[in-house]
Amino acid sequence: MNERERFSRLMAYEPIDRLPVLALEPYEETALARWRQEGLPADADVVDFLGMARLIHVPVSLGPSPAFECRVLSDDGEYIVQTTNLGATVRCRKDNPSMFYGYIDHPIKTRTDWEAYKERLPIPTSDQLPAGWDQALIARLAASGNPVGICPFPFFFRFGFYTMGMARFLTAFHDEPEMMHDMFAHYGAYVAATIHPVLDRLPLDYAVFCDD
């Protein structure tokens, strides 16, 4: 029984030989650095070293296209201020760049900003596979011995939070409900149209929606 079979049987409430151990999100660099001090070999893959199962995320980008340019705006030696692929400006520690320590600016402040942002979320009108996909990739994923699935990120809440800022996003539900309906409807259609050709060609074992 491989990891994919074990996972599928577990999800169907069928008997398995042992429970799979899975990590849904990447490991923080600070955690990896500490683990290496505590015995993790420098060149070891964490999943393999710990004997865990591996989730295979289908490589589909659901962010803006084209993405915003990621640029470092300032660096004081401890913190950097940079732009993200979603168009936000964030502050993060140099020794832990994946953790943000404050959002400074956001690309969507007005309805006009949202209308411009929508141009970066073009809804496909055919069953064309996403860029970089071909039959060889589909065959390789279909033959995987690990569970294969999709993880749309960011999804509704985080997309709004990352592009508008928390306070602006939450108050917009009251102040600008029409814009919020349009934002969720458009982004939902964009995600659905992008992944639909994949779902038609590749059976998936799981979907992870990481959202607040």
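All figures in this text were calculated on a predicted structure; none of them were measured in a lab.

Caption draft 1: Molecular detail of the nonpolar core. In terms of nonpolar packing, the biggest core is built from 32 residues, with Trp114, Trp133, Met164 and Leu202 touching the most fellow members. Contributing elements (two or more residues each) for this core: α4 (111–118), α5 (135–142), β6 (148–150), α6 (156–164), α7 (166–175) and α8 (177–201). Top contributing element to this core by residue count: α8, with eight residues. Excluding its chain neighbours within four sequence positions, the residues that come into contact with Trp114 are Ile108, Leu121, Phe159, Met179, Asp182, Met183 and His186.

Caption draft 2: The layout of surface pockets, seen in detail. When its volume is computed, the largest pocket comes out at roughly 1,200 Å³. Around the largest pocket, the lining comprises 35 residues; the ones closest to its centre are Glu25, Pro26, Phe153, Arg158 and Cys210. Looking at the lining of the largest pocket, the elements that each hand over two or more residues are β5 (96–105) and α6. By residue number, the principal contributor to the lining of the largest pocket is β5, which donates four residues. A class-by-class count of the residues in the lining of the largest pocket yields 25 nonpolar, six polar and four charged. The computed volume of the second largest pocket comes to approximately 270 Å³. Ser61, Pro130, Ala131, Tyr190 and Thr194 are the residues nearest the centre of the second largest pocket, which is lined by 16 residues in total. For the lining of the second largest pocket, the residue count by class is 11 nonpolar, five polar and no charged.

Caption draft 3: Inspection of the pairing of β5 at higher detail. Where strand β4 (residues 89–93) meets β5, four bridges bridge the pair, whose relative direction is antiparallel. By the bridge assignment, Cys92 is partnered in β5 with Phe100. Here β4 folds back onto β5 in antiparallel fashion, the turn holding two residues.

Caption draft 4: Examining the pattern of salt bridges more closely. By the definition in use, this model includes 18 salt bridges. A salt bridge links Arg18 to Glu3, with the shortest nitrogen-to-oxygen separation between them at 3.2 Å. Placement of Arg18 in the loop between α1 (3–11) and α2 (29–37) and of Glu3 in helix α1 is noted, with a sequence separation of 15 residues between them. Judged by relative accessible area, Arg18 falls into the partly exposed class, the value being 40%. Across the salt bridge formed by Arg9 and Glu14, the nearest N and O atoms sit 3.6 Å from each other.

Caption draft 5: Representation of the sheet that holds strand β1 (residues 56–57) within the structure. Spatially, β1-β6-β7 is the arrangement adopted by the three strands of the open sheet, whose pairing is parallel. Among the strands making up the open sheet, the edge pair consists of β1 and β7 (206–207). Where β1 and β6 come together, two bridges link them in parallel fashion. By the bridge assignment, His57 is partnered in β6 with Gly149.

Caption draft 6: Inspection of the side chain of His106 at higher detail. Along the chain, His106 turns up in the loop between β5 and α4. A relative accessible area of 13% places His106 in the buried class.

Caption draft 7: The packing of aromatic side chains, seen in detail. Summed over all chains, the structure comprises 20 aromatic pairs. A centroid spacing of 5.8 Å and a plane angle of 10 degrees characterise the contact between Tyr103 and Tyr162, whose relative ring orientation is stacked. In this pair, Tyr103 is assigned in strand β5 and Tyr162 in helix α6, connecting sequence segments 59 residues apart. Residue class for Tyr103 comes out partly exposed when judged on its relative accessible area of 25%. Judged by relative accessible area, which is 15%, Tyr162 ranks as buried. When the ring of Phe157 is compared with that of Phe169, the centres are 5.2 Å apart and the planes differ by 80 degrees; the resulting orientation is edge-to-face. Remark: Phe169 occurs in helix α7 and Phe157 occurs in helix α6; sequence separation between them is 12 residues. Positioned above the aromatic ring of Tyr79, the side-chain terminus of Arg93 is 5.6 Å from the ring centre.

Quick notes on the rules
Residues numbered from 1 in each chain as written. Predicted model: local features only at pLDDT ≥ 70, side-chain atom pairs only at ≥ 80, totals over all residues. Heavy atoms only, no water. Core = buried A, V, L, I, M, F, W, Y, C linked by side-chain atoms within 4.5 Å. Buried < 20%, exposed > 50% of the residue type's maximum accessible area, 1.4 Å probe, protein only. Helix = DSSP H or I, 4+ residues; strand = E, 2+ residues; numbered from the N terminus. Contact = heavy atoms within 4.5 Å. 1 Å grid on protein atoms, 1.4 Å probe; cavity = no way out; pocket = protein on both sides within 12 Å on 5 of 7 lines; lining within 4 Å. Points joined across faces, edges and corners; volume = space filled by probe spheres on them. Nonpolar A, V, L, I, M, F, W, Y, C, P; charged D, E, K, R; others polar. Pairing = 2+ DSSP bridges. Salt bridge = Lys/Arg side-chain N within 4 Å of Asp/Glu carboxyl O. Phe/Tyr/Trp six-rings, centres within 6.5 Å; stacked < 30°, edge-to-face > 60°. Lys NZ or Arg CZ within 6 Å of the ring centre and 35° of its normal.

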